[in-house]
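Below are the chains, spelled out letter by letter.
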Amino acid sequence: MNSLQYTAPTADLDARVTRFGLRVAAGLSERSAELPADVSERLRFAREQALARAQAARAARTATAPASTVVAQGGGSLALGGGRRERGLWARALSLLPLALLLAGLLLAQRGQFHRELVAAAEVDTALLSDSLPPAAFRDPGFAEFLRDSQE
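Each residue is numbered by its place in its chain's sequence as written, counting from 1. Note on the predicted model: pLDDT of at least 70 is required for a residue's local features to be given, and 80 or more for side-chain atom pairs to be given and counted; whole-chain, interface and lining totals, by contrast, use all residues. Hydrogen atoms and water are omitted, and side-chain values are computed over all heavy atoms in the structure.

## A look at the overall build of the chain
Per the convention used, a helix needs a DSSP run of H or I reaching at least four residues, while a strand needs a run of E reaching at least two, with both numbered from the N terminus. On a plain count of helices and strands, the chain comes out with 5 helices and 2 strands. When the elements of the chain are put in sequence order from the N terminus, they spell out β-α-α-β-α-α-α. A buried classification covers 2% of the 152 residues belonging to the chain. Each accessible area is a Shrake-Rupley estimate made with a 1.4 Å probe; only the visible protein chains count as cover when residues are assessed. For the chain, the exposed area adds up to about 13,700 Å²; of that, 63% sits on carbon and sulfur atoms. The cut-offs for exposure are 20% and 50% of the maximum accessible area for each residue type, with area from a 1.4 Å probe on protein chains only; residues under the lower value are buried, those over the upper are exposed, and the others partly exposed.

## Regarding the pattern of salt bridges
The term salt bridge refers to a pairing of a side-chain nitrogen on Lys or Arg with a carboxyl oxygen on Asp or Glu at a separation within 4 Å. For the coordinates displayed, the defined rule picks out 4 salt bridges. In this structure, aspartate 12 engages arginine 16 in a salt bridge whose closest nitrogen and oxygen atoms are separated by 3.9 Å. Linking aspartate 12 with arginine 16, this pair stays in helix α1 (residues 11-31), spanning 4 residues, or about one helical turn. Of the charged contacts in the structure, one is a salt bridge between aspartate 14 and arginine 61, with a shortest N-O distance of 3.2 Å. Here the residue aspartate 14 occupies a position in helix α1, and arginine 61 occupies one in helix α2 (residues 37-64), the gap between them amounting to 47 residues.

## Description of the confidence of the model for the chain
The predictor attaches a confidence to each residue, called pLDDT, with possible values from 0 through 100. Chain-level statistics for the chain give a pLDDT mean of 78 and a share of 77% at 70 or above. Mean pLDDT across the elements of the chain bottoms out in strand β2 (residues 70-72) (57) and peaks in helix α3 (residues 89-130) (90).

## Thoughts on the layout of surface pockets
Taken as a whole, the largest pocket holds about 620 Å³ of empty space. Cavities and pockets are found on a 1 Å grid laid over the protein atoms alone: a cavity is a set of points where a 1.4 Å probe fits but cannot escape, a pocket is an open set with protein on both sides within 12 Å along at least five of seven lines, and a lining residue has an atom within 4 Å of such a point. Taken together, 18 residues form the lining of the largest pocket, with Val17, Gly21, Ala50, Leu51 and Ala54 sitting closest to its centre. Those elements that provide at least two residues to the lining of the largest pocket are α1 and α2. Top element by residues in the lining of the largest pocket is α1. It accounts for 10 residues. Grid points are joined across faces, edges and corners, and a volume is the space filled by probe spheres set on the points.

## Points about a nonpolar patch on the surface
Taken together, the side chains of Leu96, Leu99, Leu102, Leu103 and Leu106 make up a nonpolar region of the molecular surface, amounting to roughly 500 Å² of accessible area. Locating leucine 102 in the fold gives a position in helix α3. Judged by its relative accessible area of 52%, leucine 102 is exposed. Only residues whose relative accessible area exceeds 30% and that form no salt bridge enter a patch; like-charged residues are grouped when within 9 Å of one another, and nonpolar side chains (Val, Leu, Ile, Met, Phe, Trp, Tyr) when within 5 Å.

## Describing the environment of phenylalanine 138
Within the secondary structure, phenylalanine 138 is located in helix α4 (residues 135-139). Sequence separation between phenylalanine 138 and leucine 128 is 10 residues; the distance between their C-alpha atoms is 9.0 Å. For phenylalanine 138, the contacting residues outside a window of four places in its chain are Leu128, Asp131, Leu133, Phe143 and Leu147. It only takes one pair of heavy atoms within 4.5 Å for two residues to be counted as in contact.

Shown next as structure tokens:
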């Protein structure tokens, strides 16, 4: 199976966590003088445990994979949908929906254009048939020139 693993750089993350920890520690240190002795002792113990856990987690993270490690295997492919091979009937139908809408739009546009041309030809035929001129007049080149000049 092809896989691509990328481990984000942790130096920046560690620096931000350290800054946050220092700010929290400074805020707690300001208020520690007002606390009773038993609460101070519990907080000290909790701090020591938190530091031990953080050091263990940091050691485990650096032992498993060094920072900025990139493992890549060739022959991979990029696929939308998470690379799943099997898709249901609805997923297939929805993937064909944009194509169907495009074809429907093109057919409607073609039909509208055909209808406009048909209406224009019908108007010309109606004008010719309802006119009082004989059909032979339309074959006369001089009359055709007269019609073009009168329309301008």
